[in-house]
Amino acid sequence: MRYVPMSFDLLFWRQGENGGSPEEIAAALSDGRAVDGLAPLPVDQIMARVKASFPLITDGGLTFWEGDADGVFEVHRSPQHVHFCCRQLVSDHCNALIGIMAGFECPLYDPQVNQRFDGGTAGT
């Protein structure tokens, strides 16, 4: 198994009519601010898919998944975005999260490299 860096973030949203830079949009969403022009997300459906793929996930105020030696992630979300905070997560799990979000037409924004992968097929 290949692990990705110790701690990193994966952010997802639908661009909609907003022409702002990915870095500005990610900063606003991460600060809990709504962003004009972003398309709304079906967050309940997204979380159902995440929970189906990661059945040990807990959702008691903070959505959290711990996979023994496979790493952990927390999920933060709003009607406009989903943000996975990952720690020592196995690359297969990262790719599963990216794939789930691609299925909802939400390409990955990787704040570590300030890049949005508009094709939705980015790997880690």
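Residues numbered from 1 in each chain as written. Predicted model: local features only at pLDDT ≥ 70, side-chain atom pairs only at ≥ 80, totals over all residues. Heavy atoms only, no water.

### Thoughts on helix α3 (residues 91-102)
In an α-helix, one turn spans 3.6 residues; hence positions three or four apart end up facing the same way.
Logical step 1: Along its 12 residues, α3 runs 16 Å from first to last C-alpha, staying within 8% of the 16 Å computed at 1.5 Å per residue.
Logical step 2: When α3 is considered as a whole, its buried residues turn out to be Ser91, His93, Cys94, Leu97, Ile98, Ile100 and Met101. (Helix = DSSP H or I, 4+ residues; strand = E, 2+ residues; numbered from the N terminus. Expected span 1.5 Å × (residues − 1). Buried < 20%, exposed > 50% of the residue type's maximum accessible area, 1.4 Å probe, protein only.)

### Notes on helix α2 (residues 43-53)
Logical step 1: Along α2, the residues classified as buried are Val43, Ile46, Met47 and Val50. Projected down its long axis, α2 carries its buried residues within an arc of 95 degrees, all on one side. Exposed residues lying more than 90 degrees from the buried face of α2 are Asp44 and Ala52. (Arc of directions from axis to C-beta.)

### Remarks on the environment of Leu89
Logical step 1: Within the secondary structure, Leu89 is located in the loop between β5 (81-87) and α3.
Logical step 2: When the C-alpha positions of Leu89 and Ser7 are compared, they lie 8.4 Å apart, and in sequence the two are 82 residues distant.

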